[in-house]
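# Reading the structure
Take a look at the letters that make up each chain.
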Amino acid sequence: YAYKWHSWGNGTNNNYNVSANRSYTVNYSDTIAPVVYLKAPGNATNISVATQYFVANFTDNYALKNATLYIWNSTGNIINNTENRTITGVYNSSNISVTLPYSGTFKWNYYACDNSNNCVWNNTNWTFRVDTINPNITITYPANNTNTSDIQINVNYTASDENGISACWYSNTSGAVNYTLASCA
């Protein structure tokens, strides 16, 4: 940083004088990298919506410059790294919306730099899974629109999903009361 200064004096006898302009330079060497705090989507989460907001906070001891979002698929290919955002100050955040191209497992992280070109990732990539495909379910018994007086009617069905089934239930009251099927998972 370059600074300029001069001085002046005014004596008691109205003698006035101004010095020549002087300058000096302070060489500040910032060697401390910023810190990246990933916020959302959370690590190891399952998500059913393809459009996600990737949120992170950034801090620096001197001056932030930019942050770039990176997203990788399960084979390590980069899905998105074109979102470079200018960030300023010593504290800032980023919230970038990305529509993921397909269901699957993804990793993400931000790469942040300060004005001294110290750059850093968060310590770990965060992982999440997107599943936008509904499970497949087929009811084989009773047939649709069956009328019966049997209050303990058996329901025969098959359910499948590429990521597994965690719960199944049915309703014979238009959803007012759900019955959990224990043998689903």
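Model, not experiment: these values are computed from the prediction.

On to the environment of Ser97. Mapped onto the elements of the fold, Ser97 is located in strand 10 (residues 91-99). A relative accessible area of 37% places Ser97 in the partly exposed class. Between the C-alpha atoms of Ser97 and Glu83, which are 14 residues apart in sequence, the distance is 9.5 Å. When sequence neighbours within four positions are dropped, the list of residues in contact with Ser97 reads Thr51, Gln52 and Tyr53.

Moving on, we come to unusual backbone geometry. For residues that are not glycine, phi is negative in most cases, and the peptide bond is trans in most cases. Here the residue pair Ala40 and Pro41 is connected by a cis peptide bond, since its omega of 0° sits within 30 degrees of zero. Structurally, Pro41 can be placed in the loop between strand 5 (35-40) and strand 6 (45-47). Positive phi outside glycine occurs at Ala44, with the angle close to 60°. Position of Ala44 among the secondary structure elements: in the loop between strand 5 and strand 6. Here Ala44 falls in the exposed class, since its relative accessible area comes to 66%. Of note, the phi angle at Asn117 is positive, near 60°, even though the residue is not glycine.

On to the confidence of the model for the chain. Residue-level pLDDT values for the chain average 86, and 92% of them are 70 or greater. In the model of the chain, strand 2 (residues 8-10) stands out as the element of lowest mean pLDDT, 69, in contrast to strand 5, which has the highest, 98.

Here we come to the side chain of Asn118. Relative to the helices and strands, Asn118 is located in the loop between strand 11 (104-114) and strand 12 (119-121). Within the structure, Asn118 has its side chain in polar contact with the backbone oxygen of Asp30 (distance 2.8 Å). Apart from the residues within four sequence positions on either side, Asn118 is in contact with Asp30, Thr31, Ile32, Ala33, Pro34, Ala112 and Cys113.

Another aspect to go through is the nonpolar core. Membership of the largest hydrophobic core comes to 21 residues, with the highest contact counts inside it found for Phe54, Phe58, Leu69, Ile71, Trp108, Tyr110 and Phe128. Broken down by secondary-structure element, the contributors of at least two residues to this core are strand 5, strand 7 (51-59), strand 8 (64-73), strand 10, strand 11 and strand 13 (126-130). Val155, Tyr157, Ile165 and Leu181 belong to the second largest nonpolar core, which has five residues in total.

Reading across the sheet, the three strands line up as 5-7-10 and stay open at both edges, with antiparallel pairing between neighbours. Each end of this open sheet is capped by a strand with a single partner; those strands are strand 5 and strand 10. The mean angle between the axes of side-by-side strands here comes to 25°, regardless of whether they run parallel or antiparallel. Here strand 5 runs beside strand 7; their pairing, made up of five bridges, is antiparallel.

Definitions and cut-offs
- All residue numbers refer to position in the chain's written sequence, counted from 1.
- Only residues with pLDDT of at least 70 get local features here, since the model is predicted, and only at 80 or more are side-chain atom pairs given and counted; chain-wide, interface and lining totals rely on the full set of residues.
- Side-chain metrics rest on all non-hydrogen atoms present in the structure, leaving aside hydrogens and water.
- To qualify as a helix, a DSSP run of H or I must reach at least 4 residues; to qualify as a strand, a run of E must reach at least 2; elements of each kind are numbered from the N terminus.
- Whether a residue is buried, partly exposed or exposed follows from its accessible area with a 1.4 Å probe, protein chains only, as a fraction of its type maximum: under 20%, in between, or over 50%, in that order.
- In what follows, residue pairs with any heavy atoms lying within 4.5 Å of each other are defined as contacts.
- Every residue gets a pLDDT, meaning the predictor's confidence in that residue, from 0 to 100.
- Pairs of N or O atoms within 3.5 Å make up the polar contacts considered here, provided that, within protein, one atom can donate a hydrogen while the other can accept it, and that residues adjacent in sequence are counted only when both atoms are side-chain atoms.
- As used in this record, nonpolar core signifies buried Ala, Val, Leu, Ile, Met, Phe, Trp, Tyr and Cys residues forming a set joined through side-chain atoms within 4.5 Å.
- Any two strands with at least two DSSP bridges between them are considered paired.
- Axis angles are defined between N-to-C directions and span 0 to 180 degrees, where every axis is a line fitted to C-alpha atoms and, for a helix, only to the segment in contact.

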